[in-house]
Structures are given as C-alpha cells and as structure tokens.
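An overview of the molecular structure
Each chain, written out:
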Protein chains: 2
Amino acid sequence: MSPRRVTLADVAKTAGVSPTTASLVLSGRGRELRISQDVEQRVLKAAAELQYRPNIVSVGLRTGTTRTIGFISDTVATTRLAGDMIKGALEAARERGFMLFIGETEGDAELERLLLQAMHDRQVDGIILASMYTRTIKVPKAMAAAPAVLLNALPKQPSPLPSVVPDEIEAGRVAARALLDAGHREGIHLIGAGPARRNLPAGGSVAAVERLIGIREVLAEAGVKPAGGHVCPDWQPEYGLALTRALLEKERPQALICFNDRLALGAYQALDDFGLKVPGDVSVVSFDDHPIASWMRPQLTTVALPHYELGRKAVDVLFTEIGRDREDDGGQGEVHRVPMPIRVRESIASRSA
Amino acid sequence: MSPRRVTLADVAKTAGVSPTTASLVLSGRGRELRISQDVEQRVLKAAAELQYRPNIVSVGLRTGTTRTIGFISDTVATTRLAGDMIKGALEAARERGFMLFIGETEGDAELERLLLQAMHDRQVDGIILASMYTRTIKVPKAMAAAPAVLLNALPKQPSPLPSVVPDEIEAGRVAARALLDAGHREGIHLIGAGPARRNLPAGGSVAAVERLIGIREVLAEAGVKPAGGHVCPDWQPEYGLALTRALLEKERPQALICFNDRLALGAYQALDDFGLKVPGDVSVVSFDDHPIASWMRPQLTTVALPHYELGRKAVDVLFTEIGRDREDDGGQGEVHRVPMPIRVRESIASRSA
DNA sequence: CAGGTTTGCTAAATCGGATTAGCAGTGCGA
DNA sequence: TCGCACTGCTAATCCGATTTAGCAAACCTG
C-alpha cells in the first residue's frame, strides 16, 4: 500500500548520526545537550527531506502521552445545539495538536464504563464528560484514572473534578432585564416554570432552576411581580402551544418569558391562533438560541446557550488539569460558568411607560 | 494518581509463568501452541483477578493496528442531521471494539491535510471522509496511506475508494409517487429546482440533480407534466417563501414538491399568507426529514436522509476495506446507495380522480 | 606532561505487548 | 540404549520512539 513510514532511524541514517542524536535535535534539546550546529543542521535537513513525522503511537508508549483526549457524552453529537460543544472542543484541542476520541453513552452507565475503559486503554491524556443538557451527574469511579472535566454538568456528589457550565442564573437575569428595559412591568407570564421557585418541571434540570432564580431576582429588584407561571412536564412545542392557549383563554398577557425556544415556537402558534401579533400585542423572550429561533417570524429574541464556548472552555480547563502536578491535589471541584449572550432579534417591542 | 496499570508482566508473574505464555493464552493461541489446561487456567484467573486489560498503544506499536478509525468531515458534527451520521458510525465502530477520532475541516484543504496527517501519525486503521451534504469531492492524496471510505460524497476524479451515499434518485421517485398515489396529476410545482434537468441551483449539489431525475422519471412514466419548476440560489426558508409567494401571485398550485424541508418551511409561510391550507388546498412533499418537519403544522411528509444508516454503512464498508488483502487491488470505487425512507405525515391530501 | 574538564556524540535500556526461535524433558521406536 | 519426535514452556527480538549512562577526543591547567 503506502511506502513504509519514515522513522527516526531513517532520518538518523541519512544524516549520518545515531538515532539518539536525531531525537535530541528534533526534540529541541540539541542546544542544551551540546550538539554541534553542523550536526543539528544535517538532522534537520534530513528530517525535512524525508518528511519525517514521529509515530505518536510509539511516543505514547514511551512517554505515556498520546496527545489525545476523550470526549464522552450522553448524546451530544446528535443534536445541533450540543454538537457545537464538540466543535468548540475539537478546535481548541486541535490548536494544541490534540485529537479527540468521541463516544456516546445514551445515558447507559455500563456503556459509559466501557467507553471510559476503551479510552484509558488507548492512553488518553484526559477526558471530558459532557451532558447534552445541563444537569447533575454521578461521576463514574473510572474517571479518577486521568485528568478530567465535567462539561455542561455538575457532580451529584462532591468531587474534585472541575466543571464547565453555562451561567444560567445570569441568563435568567438578562432575559428579565430585556423585558424590563423595553418597559414591560405587568402581564409578564412565565412559560415552562414558575412563578414560585418550587414550580419546576420534573427531571431536575439545572436550567429550569437557575433561569427561574435569575428571572425572579431581577423582577423582584424592579418591584415587578410576574403575572403568572406555567409549568409543564417537558419543554416541547406542544406544551408551549397548550399552555399559552390555556393562558389566552383567561387573560391577555403583555409579555412571555418562555423557558426555551421550543416552548416559544408553540407559544407563537397559540398567539397566532388567537390573532395576536408578536411583538405588537405580546413580547416574547426565550432561552437557548436554537436554530429555529432565527427561522421563526418574527425572529425570536433569545438568550443563547454558548455551546461552542463551553466546548472550548472545557478543553482549556482540561489542559490546566493535565498540566497540574500529579502530586498537587489542588483545584477542588471548581465550577467555571460561561456567560450566555442574548441574541436580540424581533420579538420584543418596547412599551411606553 | 491512579495505581499504575496492570501489565502483561504482572499477570505472568502472579500466574507464575513467562510473559510469552501469558500473551499466548490471552490471545487465544494457547490451544494451538500446546499450553496445558492448568497453565491456561492460572493465566486466565490471574488476568481476571488483576482486571488486566492490554495497553492498546503498545499493541498498536507492535502490530500496527490500533482499533481506531478516523472520521473527517467538512462540518458534520455541528448539524443535527449529519450528526446522526457520526452516531451511526460511532455505534457500528463500537460494536467491533473500535473508537473514532473525529475532525472537522471547515472545507479547508490544508486543514484536511493536517487532520489526515494527525490521524496517520496515530496509526488509525482506516479513515472515513464525510461531507455534510452529498456532493463530489477531490480525494486528497494522503488518503492512499490507509483503507478509506467516502461518506455522503463521490470522488470528483475516478478513484479506487468506495463511497456511501443516499439513494437520491429513488428518493425523487418516492416523493413523486407519493403525490401520484394521492391522485395528484396536475398543478404539481417543483420548488428548488426544475422543471427541466438543467434547472439547478449553483454549487452542483448531487441531491438537486438526482432528486430531479427521480421526480421527472416517475411523473413522465405516469404521463404527468410538472406545472412548473422554480430554481433558487440556495435552499433556505426565505427562498421557499419568496418562490412560493411569486408562484401564488400567478396561479393556484395543487401540490408542491419542495426540494428540502427548509424550502417547505418557507412555502408553508407563503401558503399561510395567501390563506391556503395544507393539505386541503395544497399538498406538500419534501426531502431530508429535518427535525422541523415534524414540528411544522401540519406535520410535513418528507423523504428522509438516512444519516444514521449512512454512518453505519460507511463503517461496514470500511471494515471490508480493512479486511481486504493489501495486495488485492480489487473493489474499484464501488458506490453503495442507502435507501431513503419516506416519512408519511400530514401534508399530502388525496384528491379523488 | 599527567590528570582533570569539556565537548560532542552514541550504546543500551525502556515502554508493553506480539512473535519467532529455541530449549529442556519425556516417550517411543529400532 | 541411542537418537528422534513431540510436548510445553521461555528467552530473545522487535515495533519506534525517549532517555540515561557513558565514552573517546580535544582542551586545560599547574
């Protein structure tokens, strides 16, 4: 098939030196180890001519570092939104010459264990354990075998692992502020959770809890009380439709804070059914910045999940973990929060006070 | 950090035999090489007790096989649809104990070269080169270095590489048949390409060409002539909206064949603007089975891109490539076509003849 | 000019397995 | 009873790098 790979021995031979010398020069340690200029040049020239590239498998065996990191998620690769997380991680890794192994667990703990094993068998330098949606997870014991980071997830039990999550509380604040800034003070309804802290969908999504906290905090500070909150079992379009429809049958809201874009899609349909215009009659703000948000008419103003940035950040944090001295047991479960930017589009109208 | 990995030497020692013997037993060659039952049992027991797992990096160095395959795409991981392709590949690979490296090129040839290098440096056993949307690509020379498969892509120049693509011609036939079966014979408009073979969007998408062929073939066989075809530069919702709107200003179609779901989304909006109901007034059939297809109201009937199956198939084909004897230069650029299933939903109404 | 440094490079060991060659011990036939 | 085949296991080598230990030649120095 291909003409056998060029090895260090080949380079050494054409440069007329020992493999040791060639290795020294190519690893940049020639200087400190007193290799002559002449020899250094010969080696460099030979390597360039032969297009030598070290065999990373071999290096991995000798040094234990494979310039590879494992990315395990429940089902991240499959969804557009969370796919960006992989992309961010991919690029950040590539910038440092690292490759990514990916694996999906489907939420199956046994599969997770298997993947972790498979990656350790391949001597990955570190592992990113990601969740598709922000939540708390049980950290598998096997994670202890290498530097690791939790992405879009928090440890259920106290853990020394650092985690990277979107700043959902601040996102809640931002959404609420967007409405307040537009002059809305009354008739603000929450679709998906609320109005009280305990009114949450089942499943313990971190997003629900924290978005609600942020929203309530900002509204409270402004002396505004949400006109209503509406919980549903799952944040899908059909619930957005049903909830909003039920709401419209009783009263006429001024603004909706939908807990995600899929709910907002349903809400749009309900508003349309009742002949109400967005944002003329009702303003809508939402969360996630799902691709449909910019396809909806009018385009939806939404607080974006920064998936790409989350992925990058996870790699950054992982590298500091890898760099950390193995003895040094510092960094106890630090939580890194990535800001969620608001995408201002067309679904909020300002209302004169 | 972790207690050093258990090695073959450890197993050998606790079993009281040489590493050679342990290796023989564990690789299943103990039988043919006349290792006694007793020793075999001791080794097996020791391996189990110590939870021995071979270091794949080491095996890779010695045997050249790393049980790893590389998956390079232009930007596949990021889109939901094509993300399924990765998922299919991932699962098919895992079933055989293989892991996937993934990389994205962003269409950058230099980056592609770099990724290919990085993967070869890591001794991957094979490579899948994937495209987000079906098209012809220039096969990089570096692909020759290992078994490889083209996924969702065809070689621009003749190439010995096999490829795996969706069967778009048949998809075109299926879509057209769906309309014919529902009794539509007139007023069928094509949104996105046609009516003649040469009326195609720029960019040379394989989907456009082949879907059109299939559609025209089936309509022609039934003696039906499309009432019109409408080309646009890109298959985005806004063009679907504009094209359909322009069409509706002139006439009242009976059915639309949209060349993808995003166009269909725009068409829905235009129809709604004109007060026309789907499917009562106008039937719509489309392609891709994008997630929005089932969110639209009424839900869109569409011929699905079988991304998951494509991914699996690519891995299957890659394994036969890997299995192929290196001397044997058989299999010259075989093209594997994966069927596209129609998702019958609510957007086609039957019309009595 | 003997003894100690420096300089500049290389031999050999190592990582963790797979693989090839070979070595004791036993049994059997002549 | 000697030689040969067979049985059952092990020593040694290899994969392709990195790294440690060390060696010859040149250079000082008193």
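Residues numbered from 1 in each chain as written. Chains lettered and ligands numbered in written order. Predicted model: local features only at pLDDT ≥ 70, side-chain atom pairs only at ≥ 80, totals over all residues. Heavy atoms only, no water.

Observations concerning the interface of chain B and chain A
- Facing the 60 residues of chain B at the interface are 60 residues of chain A.
- Counting each side, the surface lost to burial between chain B and chain A is near 4,900 Å², with a carbon and sulfur contribution of 59%.
- Across the chain B-chain A interface, the total number found is ten salt bridges.
- Between Lys87(B) and Glu106(A) there is a salt bridge, with the nearest N and O atoms lying 3.1 Å from each other.
- Our count for the contact surface shared by chain B and chain A stands at 24 residue pairs in polar contact (both at pLDDT 80 or more).
- Taken together, the elements giving at least two residues each to the side of chain B that touches chain A come down to helix H4 (56-63), helix H5 (80-95), strand S2 (99-104), helix H6 (109-121), helix H9 (237-250) and helix H10 (261-273) of chain B.
- Ranked by residue count, the leading element in the side of chain B that touches chain A is H5(B), at eight residues.
- Partitioned by chemical class, the residues of the side of chain B that touches chain A number 26 nonpolar, 17 polar and 17 charged.
- In terms of strand pairing, strand S2 (residues 99-104) of chain A meets S2(B) through three bridges, oriented antiparallel. Bridging across to S2(B), Ile102(A) finds its partner in Leu100(B). (Contact = heavy atoms within 4.5 Å. Buried area = accessible area lost by both parts, 1.4 Å probe. Salt bridge = Lys/Arg side-chain N within 4 Å of Asp/Glu carboxyl O. Polar contact = N/O pair within 3.5 Å; in protein donor to acceptor, adjacent residues only side chain to side chain. Helix = DSSP H or I, 4+ residues; strand = E, 2+ residues; numbered from the N terminus. Nonpolar A, V, L, I, M, F, W, Y, C, P; charged D, E, K, R; others polar. Pairing = 2+ DSSP bridges.)

Regarding the packing of aromatic side chains
- Here the structure, examined in full by the defined rule, presents seven aromatic pairs over all chains.
- Ring centres 4.8 Å apart and planes at 85° place the aromatic pair Phe98(B) and Phe319(B) in the edge-to-face group. Taken together, the residues Phe98(B) in the loop between H5 and S2 and Phe319(B) in helix H11 (residues 307-323) connect sequence positions 221 residues apart. Considered together, Phe98(B) and Phe319(B) belong to a single accessibility category, that of buried residues.
- The structure contains a cluster of three or more aromatic residues connected by ring pairs, namely Trp235(A), Phe259(A) and Phe287(A). (Phe/Tyr/Trp six-rings, centres within 6.5 Å; stacked < 30°, edge-to-face > 60°. Buried < 20%, exposed > 50% of the residue type's maximum accessible area, 1.4 Å probe, protein only.)

Topic: the relation of the copies chain B and chain A
- Of the two same-sequence chains, chain B is brought onto chain A (RMSD 0.1 Å, axial shift 0.0 Å) by a rotation of 180°. With respect to symmetry, the two chain copies, as superposed, fit the operation of a two-fold axis.
- Comparing interface residues between copies, 100% of those in chain B also sit at the interface in chain A, which points to an isologous, same-surface contact. (Least-squares fit on C-alpha atoms with pLDDT ≥ 70 in both.)

Overview of the sheet that holds strand S9 (residues 283-288) of chain B
Residue and element names in this part refer to chain B.
- Within the open sheet, the six strands sit side by side as S7-S6-S8-S9-S10-S12. Their pairing is mixed. Lying at the two open borders of the sheet, with one neighbouring strand each, are strand S7 (228-231) and strand S12 (342-343).
- With two bridges connecting them, strand S10 (residues 301-304) and S12 associate as antiparallel partners. Within the sheet, the bridge partner assigned to Thr302 lies in S12 and is Arg343.
- Sheet strands touched by H10: strand S6 (188-192), strand S8 (255-258), S9 and S10. Its angle to S9, the strand with the most contacts, is close to 155°. (Axes fitted to C-alpha atoms, helices over the stretch in contact; angles between N-to-C directions.)

Topic: the environment of Gly229(A)
Residue and element names in this part refer to chain A.
- As for its position among the elements, Gly229 is in strand S7 (residues 228-231).
- Accessibility expressed as a relative area gives 21% for Gly229, which makes it partly exposed.
- Separated by 33 residues in the primary sequence, Gly229 and Ala196 place their C-alpha atoms 7.7 Å from one another.
- Filtering out sequence-adjacent residues up to four positions away, Gly229 remains in contact with Leu190, Ala193, Gly194 and Pro195.

Digging into the UniProt feature "domain: HTH lacI-type" (unreviewed entry) in chain A
- Mapped onto the present numbering, the UniProt feature "domain: HTH lacI-type" (unreviewed entry) falls on residues 6-63 of chain A.
- Along residues 6-63 of chain A one finds 66% helix and 0% strand; the C-alpha atoms at either end are 20 Å apart. (UniProt positions renumbered as here; feature names shortened; annotations may be inferred.)

Section: the protein's contact with DNA strand D
- Within the structure, DNA strand D sits among 22 residues, and Leu8(A), Ser58(A), Arg62(A), Thr21(B) and Ser36(B) are positioned closest to it.
- Sugar and phosphate atoms represent 51% of those atoms of DNA strand D found within 4 Å of the protein.
- With respect to DNA strand D, the backbone of Leu8(A) contributes an N or O atom lying 2.4 Å from a phosphate oxygen.
- Contact distances for DNA strand D include 2.5 Å between a phosphate oxygen and a side-chain N or O atom of Thr21(B).
- Listed by contribution, the elements that provide at least two residues to the surface near DNA strand D are helix H2 (19-26) and helix H4 (56-63) of chain A together with helix H2 (19-26) and H4 of chain B.
- A total of four residues in the surface near DNA strand D trace back to one element, the largest contributor, which is H4(A).
- Each residue belonging to the surface near DNA strand D can be placed in one class, and the counts come to nine nonpolar, ten polar and three charged. (Near = heavy atom within 4 Å.)

Here's the deal with H10(B)
Residues and elements named next belong to chain B.
- An ideal rise of 1.5 Å per residue puts 18 Å on 13 residues; H10 measures up with 18 Å between its terminal C-alpha atoms.
- Burial of H10 is extensive: ten of the 13 residues sit out of reach of the surface.
- Those residues of H10 that fall on the buried side of the exposure criterion are Asp261, Leu263, Ala264, Leu265, Gly266, Ala267, Tyr268, Gln269, Ala270 and Leu271.
- In this structure, the buried side of H10 is in contact with S6, H9, S8, S9 and S10.
- At the N-terminal end of H10, a side-chain oxygen is found 3.1 Å from the backbone nitrogen of Arg262, two or three residues along, and the residue is Asn260.
- One or two positions beyond H10, positive phi appears at Gly275, with a value near 70°. (Expected span 1.5 Å × (residues − 1).)

Notes on the protein's contact with DNA strand C
- DNA strand C sits among 23 residues. The nearest are Thr21(A), Ser36(A), Leu8(B), Ser58(B) and Arg62(B).
- A breakdown of the atoms of DNA strand C within 4 Å of the protein gives sugar and phosphate a share of 49%.
- Within the side chain of Arg62(A), an N or O atom sits 2.9 Å from a base oxygen of DNA strand C.
- Secondary structure elements with two or more residues in the surface near DNA strand C: H2 and H4 of chain A together with H2 and H4 of chain B.
- Examining the composition of the surface near DNA strand C, we find that four residues originate from one element, H4(B), more than from any other.
- Residues belonging to the surface near DNA strand C are distributed by class as follows: ten nonpolar, ten polar and three charged.

Quick word on the sheet that holds strand S8 (residues 255-258) of chain A
All names here are of chain A.
- As summarised here, the arrangement of the six strands in space is S7-S6-S8-S9-S10-S12, forming an open sheet in which the pairing is mixed. Among the strands making up the open sheet, the edge pair consists of S7 and strand S12 (342-343).
- In the sheet, strand S6 (residues 188-192) pairs with S8 via four bridges, with the strands oriented parallel. By the bridge assignment for S8, Leu190 is matched with Ile257.

Some details on the state of the cysteines
Residues and elements named next belong to chain A.
- Throughout the structure, instances matching the rule amount to zero disulfides over all chains.
- Cys258 carries a free sulfur, and the closest cysteine sulfur to it, the one in Cys232, is 9.8 Å from it.
- Classification of Cys258 as buried rests on a relative accessible area of 0%. (Disulfide = S-S within 2.5 Å.)

What about empty space enclosed by the protein?
- Applying the stated criterion across every chain yields a total of one cavity of 30 Å³ or more.
- Within this model, the largest cavity holds a volume of roughly 150 Å³.
- Around the largest cavity sit Ile56(A), Val57(A), Thr66(A), Thr68(A), Phe101(A), Arg122(A), Ile56(B), Val57(B), Thr66(B), Thr68(B), Phe101(B) and Arg122(B), which together line it.
- If you list the elements that add at least two residues to the lining of the largest cavity, you get H4 of chain A together with H4 of chain B.
- The residue inventory of the lining of the largest cavity, partitioned by class, reads six nonpolar, four polar and two charged. (1 Å grid on protein atoms, 1.4 Å probe; cavity = no way out; pocket = protein on both sides within 12 Å on 5 of 7 lines; lining within 4 Å. Points joined across faces, edges and corners; volume = space filled by probe spheres on them.)

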